[in-house]
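Fold and geometry: a report
Letter by letter, the chains look like this.
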Amino acid sequence: MGWMHWERYRCITDCNKYPDECISEKLFKRTTDLLVDEGYLDAGYEYVIIDDCWLEKERDNVTKRLVEDRKRFPSGLNALADYIHKRGVKFGLYQDYGTNTCAGYPGVINNMALDAQTFADWDVDYVKLDGCYADINQMDEGYPEFGRLLNRTGRPMVYSCSWPVYQEYEGKLPNYEALKQHCNLWRNWNDIDDSFESVAQIMDYFSKNQDRIQPHAGPGHWNDPDMLILGNYGLSYDQSKLQMAVWSILAAPLIMSNDLSAVRPEIKEILQNRHIIAVDQDPLGIQGKRILIKNKIEVWSRPITPVLSNGEYSYAVAFVSRRADGAPYTIKFKLADLNLTNARGYSVTDLYDNNRYLGHVKSSTVFETRINPNGVMFYKFTALQNGRK
Ligand code: A2G
């Protein structure tokens, strides 16, 4: 969990015109302070990650090392890493496997050992390795190689790979077993933009391809549907709840991209909802799926703890409305149809209502819910051992 600049701040490099938004040490210091002071770190968001556009256009002439933009990072990345670490936050940095980053800055391909060492020297804790300007056929070797070089530095760094999405784009099926072995998380699909359409098409990709990608997620190796865009311009309150719920069903890395000084209180409450974060971070690490669609209501379900001694799971279940026809929509489901078949039933709580207890249900129960347009209702069904609540 953490924060990354790309979706909200893109490649703003003009600090004269946009002093508060340009990709600069000032932005990352301010964000680190807000992450801590506004309670996000306590809620679990622990990485501040610099995305593209932090580099000089050329490597150092003599050492060939990467150089941070001298105007925008005048104190250097070591000093920035220190600042971030002193506040108890971890430090992430972007690079690209190819000749150039997507925005045209130098990539690692011909200097992989040197760059891995430079990242370690800068006290980096998290590396995002993008895949622009690269040969997708070299990636199956190259991404594992860069991972080995990172490991060889002796500094533990989370390794985020954009390897599969570039292969998908060119019609090559990614090798998910290799991803699982070599990367801690990986980007499967499109970059997220600031709109509900963008959130929805990512959800559609993840559900349509779930049988292929879901089995490969687990502790230490995750599918990544891209950043949380809550707190920006594009999502309504209900759509914000929806993204947070679906991302936690997907066991997604929760990486916000927003202006933390501008997040409205009701949106901050969603981002810091500890019941939903607990679903996302559930120790079983099983990614959920979209299990049913009825009348444009999608049911997304994820097995979570507690697990009974006979192996029955508890579940987080999100009822996601893809309807836009005005009034909240009432719908009923027999719980057996949602694979909620534990003999003794479940206790149901409402995750967006402070985990309020709603009652005891069984597989024969007809469960009724009412969902706002483009909204979500999100429940936890805790499996019961003995039929009492
Ligand atoms: O480059 C790519 O589009 C990245 N996408 C995006 O997340 C961002 O880093 C951007 C910066 O130029 C992937 O990594 C799939």
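These numbers come from a predicted model, not from an experiment.

The rules we used
- Residues numbered from 1 in each chain as written.
- Predicted model: local features only at pLDDT ≥ 70, side-chain atom pairs only at ≥ 80, totals over all residues.
- Heavy atoms only, no water.
- Helix = DSSP H or I, 4+ residues; strand = E, 2+ residues; numbered from the N terminus.
- Rg over C-alpha atoms; globule rule 2.2 N^0.38 Å.
- Buried < 20%, exposed > 50% of the residue type's maximum accessible area, 1.4 Å probe, protein only.
- Contact = heavy atoms within 4.5 Å.
- Areas by Shrake-Rupley, 256 points an atom, 1.4 Å probe, with all protein chains shown as cover.
- UniProt positions renumbered as here; feature names shortened; annotations may be inferred.
- Axes fitted to C-alpha atoms, helices over the stretch in contact; angles between N-to-C directions.
- Parallel < 35°, antiparallel > 145°, perpendicular 65-115°, else oblique.
- Left-handed = near helix turned anticlockwise from the far one by under 90°.
- Nonpolar A, V, L, I, M, F, W, Y, C, P; charged D, E, K, R; others polar.
- Pairing = 2+ DSSP bridges.
- Salt bridge = Lys/Arg side-chain N within 4 Å of Asp/Glu carboxyl O.

1. Concerning the overall build of the protein
Along the protein, the regular secondary structure elements total 13 helices and 16 strands. Relative to the 2.2 N^0.38 estimate, which gives 21 Å for 389 residues, the radius of gyration of the protein is 22 Å and therefore close to what a compact globule would have. Structurally, the protein occupies a C-alpha span of about 75 × 40 × 35 Å along its principal axes. For the protein, with 389 residues in total, the buried portion stands at 56%. Contacts in the protein between residues at least 24 apart in sequence constitute 70% of all its contacts with a sequence separation of at least 6. Counting only carbon and sulfur atoms, one obtains 46% of the accessible surface of the protein, whose full area is about 15,900 Å².

2. Notes on the UniProt feature "domain: Alpha galactosidase A C-terminal" (unreviewed entry) in the protein
Per the UniProt annotation, the sites labelled "domain: Alpha galactosidase A C-terminal" (unreviewed entry) are residues 285–375. Between the C-alpha atoms that bound residues 285–375 there is a distance of 25 Å. The span itself is 0% helix and 49% strand.

3. Here we look at the packing of helix H9 (residues 196–208) against helix H11 (residues 237–249)
Contact pair H9 / H11: the axes reach a minimum separation of 11 Å and the direction vectors enclose 25°. By the angle class used here, H9 and H11 are roughly parallel. Here H9 and H11 pass one another in a crossing that is left-handed. The segment H9 lies against H11, with Phe196, Val199, Ile202 and Met203 engaging Gln239, Leu242, Gln243, Val246 and Trp247. Looking at the contact of H9 with H11, its residues break down into seven nonpolar, two polar and no charged.

4. Regarding the pairing of strand E9 (residues 289–294)
A regular strand places its side chains on the two faces of the sheet in alternate fashion. Judged from the five bridges that link them, E9 and strand E10 (residues 297–304) form a sheet pairing that is antiparallel. Bridge assignment links leucine 292 to a residue of E10, and that residue is valine 299. Between E9 and E10, which pair antiparallel in sequence order, lie two residues; one of them, asparagine 295, sits at a positive phi of approximately 50°.

5. Concerning the pattern of salt bridges
Working definition: two side chains of opposite charge can pair if their charged atoms are close together. Under the criterion given, the structure shown has 28 salt bridges. The partner of aspartate 211 in a salt bridge is lysine 289, with the nearest N and O atoms 3.0 Å apart. With aspartate 211 in helix H10 (residues 210–213) and lysine 289 in strand E9, the pair connects residues that are 78 residues apart, well separated along the chain. For aspartate 211, a relative accessible area of 60% translates into the label exposed. Judged by relative accessible area, lysine 289 falls into the partly exposed class, the value being 25%. For arginine 290, the salt bridge identified is with glutamate 298, shortest N-O distance 3.3 Å. According to the relative accessible area criterion, arginine 290 is buried, its value standing at 17%. Relative accessible area serves as the criterion here: at 4%, glutamate 298 is assigned to the buried category.

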